[in-house]
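Chains, contacts and geometry: an overview
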Amino acid sequence: MFGRRRKKRDQETERAAEETRPKERRGAAGAVSFDNEVEPQRPLAQPDKDEDRYRAGGPWDSTEDAPEAKRMDLGSMLLPTEQGAEIQVNVAQDGKGKQKIIGVTLVRGKTALQVQPFAAPKSSGLWDEMREELREQVTQQGGKVEDHEGTFGPELRAVIPIKGKKTEDGRQLGQRVRFIGVDGPRWVLRGVIRGEGASKPEVMSEIEQVFSDIVVVRGDQPAPPSELLPITVPKEIQEKMAAAAKQRAAQQAAQRGNAGHSPNGSAEGPGTGGPVQA
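Parameters and conventions
Residues numbered from 1 in each chain as written. Predicted model: local features only at pLDDT ≥ 70, side-chain atom pairs only at ≥ 80, totals over all residues. Heavy atoms only, no water. Helix = DSSP H or I, 4+ residues; strand = E, 2+ residues; numbered from the N terminus. Buried < 20%, exposed > 50% of the residue type's maximum accessible area, 1.4 Å probe, protein only. Lys, Arg positive; Asp, Glu negative; His and termini not counted. Salt bridge = Lys/Arg side-chain N within 4 Å of Asp/Glu carboxyl O. Contact = heavy atoms within 4.5 Å. Pairing = 2+ DSSP bridges.

**Side note on the side chain of D213**
With respect to the element layout, D213 can be found in the loop between α3 (201-212) and β13 (215-216). No salt bridge is formed by the buried D213. Its closest oppositely charged neighbour is R71, at 4.6 Å. The contact partners of D213, leaving out residues within four places of it in the chain, are R71, L78 and P80.

In structure tokens form, the structure reads like this:
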């Protein structure tokens, strides 16, 4: 009786050892043992940048699943369009005297949001550097600026002097401005908020949602950090821009022609090349 139990225990021990023994793999060359085989590690997904945590709800990269919304294709950006909002294309002259698109402004009520997409390094954020540059620019203009932790992480809130405008007692008037930005995969999206969206909390959240709904299309083309990504506009907006430029030129010509007939004998100067109504 005890011999049968001992034999049974021996069979169970042998079976357990067989299950734990490294198995042989058979291939064209016969049985090959992989007793000391080290399984190769699967390639790990590239960790997101630390700054990406600030855009958990947007802005979005074109490779991500952004919430559905009506958006206008502007090349490097898909810009949300909503009822009652206006889109202005910001242009400036380059070194050759040609107009170049440098940004897009969304006007919603008494709030304006200018957005600009820039190329950025793959491994680190660029928004920190941009904030320091903006801080220096505001200070040089005689403005005041302070750091603030906002919806998209660190931002700047500033008061910028309005050129040529003072109170009756001679104090300089200023405009409240918010500089917001967020780092994405190989890009950074910068926003400049003016008007009620820079001062009223209830309006701040509304314009922040517009910023969150933007989709950035970085593309595969190489670009140095801080270079503005190309912005293109649909043909119908280009036609409106051309018509607006023509109308502005006609108004300036009329002002120059009537300069001698004005009460003070002078005329207003040419436009500053600001936003063009789209």
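**Some remarks on the environment of I237**
Mapped onto the secondary structure, I237 falls in helix α4 (residues 235-257). Here I237 falls in the buried class, since its relative accessible area comes to 6%. Separated by 149 residues in the primary sequence, I237 and Q88 have C-alpha atoms spaced 9.5 Å apart.

**Description of the pairing of strand β6 (residues 86-93)**
Note: β6 against strand β7 (residues 99-108), eight bridges, orientation antiparallel. Looking across to β7, one finds that N90 is bridged to G103. Taken together, β6 and the strand that follows it, β7, pair antiparallel across an intervening segment of five residues, in which G97 is found at a positive phi of about 85°.

**Observations concerning the environment of M204**
Summarising the element assignment, M204 is placed in helix α3. Judged by relative accessible area, M204 falls into the buried class, the value being 10%. Sequence-distant contacts of M204, that is, excluding residues within four places in its chain, are made with R157, R178, G197, A198 and S199.

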